[in-house]
Amino acid sequence: MTHTFTIAIDGPAGAGKGTLARRLADHYRLNLLDTGLTYRAVAYALIQHALPLDNVSAAETAARQVDLAKLDRAVLSTHAVGEAASKVAVYPTVRRILVEKQRDFAKTPPGAVLDGRDIGTVVCPDADIKLYVTASAEVRAQRRLSEIESIGGTADFTEILADIVRRDERDMSRADSPLKPAADAHLLDTSEMAIEAAFLAAMAIIDDVLAKRDNA
Ligand code: DC
């Protein structure tokens with residue numbers, strides 16, 4: 001049997017899990033999948049066809065058509081698509097279709113880093129490493145505001161914060177696969193931690209697991 005190595009990273013929007021996932025995939029030479037993009041691709045397809053986000057059968061069709069090799073971050077990364085993705089992500093049938101694709105991806109050698117909301121709990125419950133990356137809503141809102149301002153935009157902190165709190169609430173309270181840490185996840189709170197420190201902390205956890213495995 002070919003052994004694959006899986007790192008599952010979950011957490012709310014804006015906690016820094018995307019950057020961390022990329023750094024870890026580079027460092028450990030693993031494939032990388034931002035599973036949020038798969039939900040975004042479904043939402044984007046509905047928006048493009050001017051279909052309502054609660055059209056479940058259209059969302060299922062769009063989910064079947066999602067090609068993991070063709071996820072276009074530039075098109076899918078807008079705030080509006082993220083909001084819409086959080087809405088289509090409540091449908092269990094849509095989730096089942098996407099989760100199957102995500103599991104196939106994780107099984108491809110040499111393994112992968114997957115980030116999302118339900119990786120450690122549902123998609124890869126047997127992952128070798130599970131990280132739950134979080135930060136306070138205020139810190140995440142401030143980071144988002146700085147990001148917008150760094151590209152010359154303007155935004156209102158209070159509105160961004162309200163948006164983040166609403167998205168957290170939707171992702172954490174849905175019946176199917178809500179956002180929550182797996183029982184065996186390592187928690188990384190990045191509220192007062194730069195991404196480099198979070199990366200070093202994650203590496204220490206992973207290297208420890210790898211060393212124990214080598215000595216077993
Ligand atoms: O991480 P993101 O902002 O790209 O995710 C967009 C939405 O997709 C998020 O609000 C909820 C949904 N999502 C999910 O339900 N499960 C995942 N594994 C990843 C994202």
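A. Quick peek at the overall build of the protein. Each helix and strand counted, the protein has 10 helices and five strands in total. Scaling as 2.2 N^0.38, a compact globule of 216 residues should have a C-alpha radius of gyration of about 17 Å, and the protein matches this with 17 Å. A buried classification covers 46% of the 216 residues belonging to the protein. By sequence separation, contacts in the protein at least 24 residues apart represent 80% of the contacts at least 6 residues apart.

B. Region of interest: the packing of helix 5 (residues 79-88) against helix 9 (residues 157-173). For the pair helix 5 and helix 9, the least separation of the axes is 9 Å and the interaxial angle reads 25°. Considering their axes alone, helix 5 and helix 9 lie roughly parallel with respect to each other. Crossing angle aside, the handedness with which helix 5 passes helix 9 is left-handed. Across the interface between the two elements, His79, Gly82, Glu83, Ser86 and Lys87 of helix 5 pack against Asp163, Arg166, Arg167, Arg170 and Asp171 of helix 9. Partitioning the contact of helix 5 with helix 9 into residue classes produces no nonpolar, three polar and seven charged.

C. Looking closely at the site of the ligand. Around the ligand, the structure places 15 residues, and the nearest of them are Arg40, Arg95, Arg117, Asp118 and Asp171. Residue Arg95 places a side-chain N or O atom 2.8 Å away from an oxygen atom belonging to the ligand. Look at the ligand: alone it shows 450 Å² of surface, and the protein chains cover 95% of it. Among the secondary structure elements, those contributing two or more residues to the shell around the ligand are helix 2 (36-48), helix 5 and helix 9. The element contributing the most residues to the shell around the ligand is helix 2, with three residues. Among the residues making up the shell around the ligand, the classes are represented as three nonpolar, four polar and eight charged.

D. Local environment of the packing of aromatic side chains. One pass over the structure, following the stated rule, counts zero aromatic pairs. Against the face of Phe199 rests Arg23, its NZ or CZ located 4.0 Å from the ring centre.

E. Broad picture of helix 10 (residues 195-215). Along its 21 residues, helix 10 runs 30 Å from first to last C-alpha, staying within 8% of the 30 Å computed at 1.5 Å per residue. Of all the residues in helix 10, the buried ones are Ala198, Phe199, Ala202, Met203, Ile205 and Ile206. All buried residues of helix 10 project into a common sector of 165° when viewed along the axis, lining one side. In helix 10, those exposed residues whose orientation departs by more than 90 degrees from the buried face are Lys212, Asp214 and Asn215. Where helix 10 is buried, its residues meet strand 1 (5-10), helix 1 (17-28), strand 4 (129-134) and strand 5 (186-189).

F. A look at the side chain of Glu60. With respect to the element layout, Glu60 can be found in helix 3 (residues 56-65). Although Glu60 is buried, it forms no salt bridge, and the closest oppositely charged side chain is Arg64 at an N-O distance of 4.1 Å. The residues contacting Glu60, other than those within four sequence positions of it, are Thr93, Val94 and Ile97.

G. Representation of the sheet that holds strand 5. Spatial strand order, 2-3-1-4-5: five strands in an open sheet with parallel pairing. Each edge of the sheet is formed by a strand with only one pairing partner; in this case those strands are strand 2 (31-34) and strand 5. Between one strand axis and the next, the sheet turns by 20° as a mean value, whatever way the strands run. Here strand 1 pairs with strand 4 via four bridges, running parallel. Its bridge partner lying in strand 4, Asp10 is registered against Tyr132. Packed onto the sheet, helix 6 (residues 92-107) meets strand 1, strand 2 and strand 3 (111-116) and runs at close to 145° relative to strand 3. Taken strand by strand, helix 10 contacts strand 1, strand 4 and strand 5, and its axis lies near 165° from that of strand 4.

Criteria and cut-off values
- Residues numbered from 1 in each chain as written.
- Predicted model: local features only at pLDDT ≥ 70, side-chain atom pairs only at ≥ 80, totals over all residues.
- Heavy atoms only, no water.
- Helix = DSSP H or I, 4+ residues; strand = E, 2+ residues; numbered from the N terminus.
- Rg over C-alpha atoms; globule rule 2.2 N^0.38 Å.
- Buried < 20%, exposed > 50% of the residue type's maximum accessible area, 1.4 Å probe, protein only.
- Contact = heavy atoms within 4.5 Å.
- Axes fitted to C-alpha atoms, helices over the stretch in contact; angles between N-to-C directions.
- Parallel < 35°, antiparallel > 145°, perpendicular 65-115°, else oblique.
- Left-handed = near helix turned anticlockwise from the far one by under 90°.
- Nonpolar A, V, L, I, M, F, W, Y, C, P; charged D, E, K, R; others polar.
- Near = heavy atom within 4 Å.
- Polar contact = N/O pair within 3.5 Å; in protein donor to acceptor, adjacent residues only side chain to side chain.
- Areas by Shrake-Rupley, 256 points an atom, 1.4 Å probe, with all protein chains shown as cover.
- Phe/Tyr/Trp six-rings, centres within 6.5 Å; stacked < 30°, edge-to-face > 60°.
- Lys NZ or Arg CZ within 6 Å of the ring centre and 35° of its normal.
- Expected span 1.5 Å × (residues − 1).
- Arc of directions from axis to C-beta.
- Lys, Arg positive; Asp, Glu negative; His and termini not counted.
- Salt bridge = Lys/Arg side-chain N within 4 Å of Asp/Glu carboxyl O.
- Pairing = 2+ DSSP bridges.

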